[in-house]
Structures are given as structure tokens and as C-alpha cells.
Amino acid sequence: MAPLLSIKDLTVDYRHEDRWLPAVKNVFLDVSEGETVAIVGESGCGKSTLALTPLGLLPQDGTCRTTGQVFLNDKNLFNLKEEERRLLRGRRIAMVFQDPFSSLNPVLTINYQLQEAIILKEGKPNHQTAMDLLKQVHLSDAERILESYPHQISGGQRQRVLIAMALVHHPALLIADEPTTALDVTIQDEILQLLKELKTKLGMAMIFITHNMGIVKNISDRMAVMYAGHIVELGKTADVLAAPKHPYTQALLRSLPKLTGSLGTIPVMEGQPPEPSAMPAGCPFHPRCDRTFERCEKEDPFERDSDGRRVQCHLF
Ligand SMILES: Nc1ncnc2c1ncn2[C@@H]1O[C@H](COP(=O)(O)OP(=O)(O)OP(=O)(O)O)[C@@H](O)[C@H]1O
Ligand SMILES: [Mg+2]
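Residues numbered from 1 in each chain as written. Chains lettered and ligands numbered in written order. Predicted model: local features only at pLDDT ≥ 70, side-chain atom pairs only at ≥ 80, totals over all residues. Heavy atoms only, no water.

Novice: Looking at this model, I keep getting lost on the overall build of the chain. Mind explaining?
Specialist: Across its full length, the chain holds eleven helices and eleven strands. Taking 20 Å as the expected radius of gyration for a compact globule of 316 residues, we find that the chain reaches 20 Å, a close match to that expectation. Evaluated residue by residue, the chain yields a buried proportion of 49% over its 316 residues. Restricting to contacts in the chain with at least 6 residues of sequence separation, those with at least 24 account for 64%. Just so you have it, the chain exposes about 15500 Å², and 52% of that area is on carbon and sulfur atoms. If you average the places of the 35 positive and of the 39 negative side-chain charges in the chain, the two averages end up 3 Å apart. (Helix = DSSP H or I, 4+ residues; strand = E, 2+ residues; numbered from the N terminus. Rg over C-alpha atoms; globule rule 2.2 N^0.38 Å. Buried < 20%, exposed > 50% of the residue type's maximum accessible area, 1.4 Å probe, protein only. Contact = heavy atoms within 4.5 Å. Areas by Shrake-Rupley, 256 points an atom, 1.4 Å probe, with all protein chains shown as cover. Lys, Arg positive; Asp, Glu negative; His and termini not counted. Charge placed at Lys NZ, Arg CZ, Asp CG, Glu CD.)

Below, the structure is given as C-alpha cells:
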């Protein structure tokens, strides 16, 4: 069966003064109907840039350029007119962002903002639809929430409202960019459970971006590990976590604190990911890699398989 979303050889560059610097490089990624793919990696490795691409939300002011193809079913999203793109956005693909506060307009009530989404779907405001949506995200005090301004409800409630908005059109794909990072730990867990429940109930596929390996394990079928704009490892979450192959994935997992066993020092990964303006030649991870050899300094490993297990490393 053809994947729901298929990203083929995607490269995204941002313009910094007179130079183009890569944020996402030669990425291949498929997402099937109903599947959850987690994307992990350190800050600045290109996760959000990758997530914004299918929605057409990258800057349109000439500071960003893309090459490659992104298909939703059989439609190449890069060939759509802006109007067609806009119609697709929210309807087939929806997004939930990290910070629920800045995603809402502070001077408009929740009802006003939710109805704007409902009008797009139903052509007119509908109080019952708003109530049903809030019920679906388990907001019990729906009448009060609707009358409130964003600052009058909690962070967890705001994120639930945003998830409700994302669900208005029953999207086939939900892209969640660190949707729990700005929330308290207990609330994080509630939002995760909610997303899992909704995904199963509505049969959505999900791309879930996170720094947190615990969340990856909890929520995803497959995981993609990003480093310096590349997907360096991709596979079933259970397989990757049980036996990571890429030296970067191995180092990431080694540097996680364990809840069991004896207390010891946690190995830290030395160094920082490269700045896009100072990308090393060869494999971008080789300066930090403990298994680097000559070829790694010269040749960027490149893998184009988009299903099965994939490791972008000269050791494989
Ligand atoms: N609008 C932009 N203009 C110029 N450069 C940008 C822009 N957005 C992102 N970048 C650069 O692109 C690279 C990737 O950024 P991106 O936000 O995609 O990373 P990320 O993995 O989501 O990081 P984080 O975990 O901190 O959210 C970074 O070097 C960043 O500075
Ligand atoms: Mg980000």
C-alpha cells in the first residue's frame, strides 16, 4: 500500500546573509496510514523544519528554499498552488505546536478561535460542534472554557484546546512538534495519553517530535533519529531502542539516566552538533564519533531506503 506521506530526498536551506545553510539534508521518510513516527535529535538538528515542510509553513519570504518531493497519497505537495495547499492544511494534515500559549490569540476567547476553525469546515459557527470537540479532548468544564481567554485557562487545558482545533477536520495526519515540552510532567503524561487515544479512535497517522526517549518508547511505532539535518537511523522503535546501530543513536541512549541498577556516572556525549555554517566534510557526526575511520572524514554516508531498518553510517 502506498504510504500516506512520502518525503523523497528533501533538502531545506535557510538563507543567512549571502549564504544558503542546510537545515534538512537528503531526507527520505514514509509515514503509513495510522502509523506514529517519532523524530528525535538534539536541538537544531532540523526536526521542526522537517515537520513544517508538508504543511507548507516554511518561510515564504525568500529566506528558505527546498528541493526534493513531498507526496500526500499521490499528490506532490510542492506542485500545489497556494490555495490548494491552504485547503489541505488543517483538513488532511494538522499540526500541534510546542507552546500552547503562543499558538492562541490572547485577545480572543477560546470560543471565537474554535469557531473560526469550525466555520472553515461547516460554513457557520456551531456551538454543539465546539462542545463535542472539547468533550473529545476531555475538557469537562466546556462552557467555561469556551468563554475564557487563553490566559484564564491552564497550560494543559490550552494544549487540549489546540488539539481540539487540530481535530476539526478529522485530519489523516497530525504533526505534533514537542507538544508536551512546555507542560508540567504530570500534565505531559495526560496529553500523551490523550493523543494516543485520539489517534486510535480517529485512525490518524502521527509524526511526533520530541527530545524525550521515554515518550518515543511510549508513543511511536517507528522512530527516526536526526543529526545535523540527516536522518541517521530509522526503524521500528522497539528494534532501535533495543539495539541502536548508529554511533550517534548509541551515544544518545547511553547518555540517558537509568531508573534501575547501581548509581554511577552517566556518560555524556562530548561536543556539540555542528553549526550549519561549519558542517564538517564527510559524515557530519564523525568529529564526535568514537568509531570514526578514514572514510568518514571524506564521504557522507547516504541511504535512500525509506522502509525497514536504515542506518546512515559507513560501518553498515
Ligand atoms: N526561519 C529560519 N531562518 C533561518 N534559519 C533557521 C530558521 N528556522 C530554523 N533555522 C535553522 O535551521 C536549523 C534547524 O532548526 P530547527 O528549528 O528545524 O531545529 P530543531 O531540531 O527543531 O531544534 P529544537 O529542538 O531546538 O526545536 C538550525 O540551525 C536553525 O538555526
Ligand atoms: Mg524544533
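After that view, the rundown keeps rolling.
Novice: Looking at this model, I keep getting lost on the site of ligand 1. Mind explaining?
Specialist: By nearness alone, 15 residues border ligand 1, and Ser43, Gly44, Lys47, Ser48 and Thr49 come closest of all. Taking cysteine 45, its main chain carries an N or O atom lying 3.2 Å from an oxygen atom of ligand 1. The separation between an oxygen atom of ligand 1 and a polar side-chain atom of histidine 211 is 3.4 Å. Across the complex, the protein chains shield 67% of the 630 Å² of accessible surface that ligand 1 would expose by itself. Listed by contribution, the elements that provide at least two residues to the shell around ligand 1 are strand 1 (5–16) and helix 1 (47–52). Grouping the constituent residues of the shell around ligand 1 by class yields five nonpolar, seven polar and three charged. (Near = heavy atom within 4 Å. Polar contact = N/O pair within 3.5 Å; in protein donor to acceptor, adjacent residues only side chain to side chain. Nonpolar A, V, L, I, M, F, W, Y, C, P; charged D, E, K, R; others polar.)

Novice: It is not clear to me how the side chain of histidine 169 should be interpreted in this structure. Could you clarify?
Specialist: Secondary-structure assignment places histidine 169 in the loop between helix 6 (155–167) and strand 7 (173–177). Contacts of histidine 169, omitting those with residues within four sequence positions, involve Gly90, Arg91, Ala117, Leu120 and Lys121.

Novice: So what exactly am I meant to see when it comes to the pairing of strand 8 (residues 205–209) here?
Specialist: Consecutive residues of a regular strand have side chains that alternate between opposite faces of the sheet. Taken across its five residues, strand 8 has five buried, putting it largely inside the fold. Where burial is concerned, the two faces of strand 8 agree: the one with Ala205, Ile207 and Ile209 and the one with Met206 and Phe208 are both buried. In this structure, strand 3 (residues 36–40) lies alongside strand 8, joined through four bridges in parallel fashion. Following the sheet pairing, threonine 36 is matched in strand 8 by methionine 206. With five bridges connecting them, strand 7 and strand 8 associate as parallel partners. Bridge pairing in strand 8 links leucine 173 to alanine 205. Handedness of the crossover joining strand 7 and strand 8 through helix 7 (residues 185–202): right-handed. (Pairing = 2+ DSSP bridges. Right-handed = clockwise from strand over helix to strand, strands pointing away.)

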